[in-house]
Structure formats: C-alpha cells, structure tokens
Amino acid sequence: MPHTSLSGTLLTAPLLRLLGPRTLVLGSTAASASANLVLAHATTDALAYGAIAPAMFGAGKAQPVSARIVNLATEAGVPQGALAAERSTLNAIVKVIAPSVFAWAFAYGSKRGVLALPFYLSSLMLMMSALLAATVPADQWSSEPKGKAKLS
C-alpha cells in the first residue's frame, strides 16, 4: 500500500512534535501490528480497507528510529560512511529475507489451514520490536545534546 506509506511519512513530523519520539515509535509499531491482525482476519474488502489507517500510522516509525540511530552513532564516533554502509547492507538483507520468510509462512500456514500465518508472524515480530523499544529508558529518546538547554 504505497499511499499509506506516503501518508504516514508525511504525518511523521507533526506526529513527532505532538507525541514525542518514544510514543510515536511505540504507537506506530503497535499500529503496524494491529494492521497485520486486521488483514489476517479480513474476509471482505471493507475489512481489509480497515487496515489502511493503522498501516498509515505505522509507516511513521522509520524516521525517528533512523534519526536516533544516527545520533547515537555520532555520539559513539562511528563514521557516517560506515554507518550508511552497514544500514544499507542490513536493509538489503531484510529485503531478501523478509519475502522468503513471508512465503514460507504462507506455504506452511496453507498446509495447516492458517492462510493468515504471515500476518500473525509479522504482528508478533512487530510487537516484539515494540517491547524491545519500550525497554529503552525514556531519557534516551531525546536527541538533545547532553548539557544543552532544550529550546521550546
């Protein structure tokens, strides 16, 4: 659903200001998980369209996460070129592995009468990532440099 990704990306900046990075990442990850659950149970077009809103909100998580990774890498002295190369490699691996896992889950689920298994698996993995993100202390979600006053 490219339009949901575009809409979610366009809404990221205002939502980030409204919710803050931690709440946006946790909320958008939970929204992505719920979109997968809606799709898993969709038996009509109308129900499937019900996944658009949570999928759109879920698309917003990438920007604050990417920004925080860059901030942490800069603080740790990781050269930007090395960081960009590692992130590109990881993205390439995910783009190869994810469709294969999704296809395997569909084939496995189909044999057992659970056609929605890929959606359940995606939802589970998203919730695990939300739980992992929730373990990051709240004070570490700020991108403000240490020792500087926050401008409002």
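Predicted model, so just to flag it, every value in this text is computed and none were measured.

Some points on the overall build of the protein
Stage number 1. Secondary structure assignment for the protein yields seven helices and zero strands.
Stage number 2. Helices and strands in the protein line up, N terminus first, as α-α-α-α-α-α-α.
Stage number 3. Taken as a whole, the protein presents about 9,800 Å² of accessible surface, with 70% of it coming from carbon and sulfur.

Comments concerning helix α5 (residues 62–76)
Stage number 1. Helix length check: α5, at 15 residues, gives a terminal C-alpha distance of 21 Å against a target of 21 Å (1.5 Å per residue), a fit within 8%.
Stage number 2. For α5, the complete set of buried residues consists of P64, R68 and A73. Along α5, the residues classed as buried sweep out an arc of 165 degrees about the axis, all on the same side.
Stage number 3. The first or second residue beyond α5 is G77, which carries a positive phi of 80 degrees.

Concerning the environment of L15
Stage number 1. Relative to the helices and strands, L15 is located in helix α1 (residues 2–19).
Stage number 2. With 45 residues separating them along the chain, L15 and G60 place their C-alpha atoms 8.4 Å apart.
Stage number 3. Among all residues touching L15, those that are not within four sequence positions of it are G20, L24 and F57.

Section: the packing of helix α2 (residues 21–41) against helix α7 (residues 117–134)
Stage number 1. It is at 8 Å that the axes of α2 and α7 come closest, and there the two elements cross at 165 degrees. In terms of orientation, α2 and α7 fall into the roughly antiparallel class. For the pair α2 and α7, the crossing hand works out as left-handed. Contact residues: α2 offers R22, V25, L26, T29, A30, S32, A33, N36, L37, L39, A40 and H41, while α7 offers F119, Y120, S122, S123, L126, M127, S129, A130, A133 and A134.
Stage number 2. Its residues placed into classes, the contact of α2 with α7 shows 14 nonpolar, seven polar and one charged.

Re the confidence of the model for the protein
Stage number 1. Of the residues in the protein, 87% reach a pLDDT of 70 or more, and the chain-wide mean stands at 83.
Stage number 2. Contacts for the low-pLDDT stretch residues 147–152, under 50 throughout, to residues beyond four places or in other chains number two contacts.

Concerning the packing of aromatic side chains
Stage number 1. Under the criterion given, the structure shown has two aromatic pairs.
Stage number 2. Note on F102 and F119: the rings are 5.8 Å apart at their centroids and 90 degrees apart in plane angle, and the pair reads as edge-to-face. Of the two residues, F102 is situated in helix α6 (residues 80–111) and F119 in helix α7; the sequence distance between them amounts to 17 residues.
Stage number 3. Residue F119 is classed as partly exposed on the basis of its relative accessible area of 23%.
Stage number 4. On the basis of an interplanar angle of 20 degrees and a centroid distance of 5.1 Å, the ring pair of W104 and Y108 is categorised as stacked. Of this pair, W104 and Y108 both sit in helix α6, four residues apart, which is roughly one turn of the helix.
Stage number 5. A cation sits over an aromatic face here: R112 above Y108, 3.7 Å from the ring centre.

The rules we used
- Sequence order sets the numbering: in each chain, residues are counted from 1 along the sequence as written.
- It should be noted that, the model being predicted, local features are given only for residues of pLDDT at least 70 and side-chain atom pairs only at 80 or more, the latter also being counted only at that level, while totals for whole chains, interfaces and linings use all residues.
- Side-chain figures throughout are based on the complete set of non-hydrogen atoms in the structure, without hydrogens or water.
- Here a helix means four or more residues in a row that DSSP labels H or I, a strand means two or more in a row labelled E, and each is numbered from the N terminus.
- Surface accessibility follows the Shrake-Rupley procedure with a 1.4 Å probe radius. Residue values consider only the protein chains on display as shielding.
- To estimate how far a helix should extend, the number of its residues minus one is multiplied by 1.5 Å.
- Exposure is judged per residue with a 1.4 Å probe applied to protein chains only, and the accessible area is read against the type maximum: over 50% gives exposed, under 20% gives buried, and values in between give partly exposed.
- It is the directions from the helix axis to the C-beta atoms that the arc portrays.
- Any pair of residues with heavy atoms lying within 4.5 Å of one another is described as a contacting pair.
- Orientation is described by axes fitted as lines to C-alpha atoms, over the contacting stretch for helices, and by angles from 0 to 180 degrees between their N-to-C directions.
- The scheme is simple: roughly parallel for angles under 35 degrees, roughly antiparallel for over 145, roughly perpendicular for 65 to 115, oblique for anything else.
- Two helices cross in a left-handed way if the nearer one is turned anticlockwise from the farther one by less than a right angle. They cross in a right-handed way if the turn is clockwise.
- Asp, Glu, Lys and Arg are counted as charged, while Ala, Val, Leu, Ile, Met, Phe, Trp, Tyr, Cys and Pro are counted as nonpolar; the rest, among them Gly, fall into the polar class.
- How sure the predictor is of each residue is captured by pLDDT, a score from 0 to 100.
- In this scheme Phe, Tyr and Trp rings, the latter by its six-membered ring, pair at centre separations within 6.5 Å, and the angle between planes marks the pair as stacked below 30 degrees, edge-to-face above 60, and tilted otherwise.
- Charges are assigned to positions over rings by a cutoff of 6 Å between ring centre and Lys NZ or Arg CZ, combined with an angular limit of 35 degrees from the ring normal.

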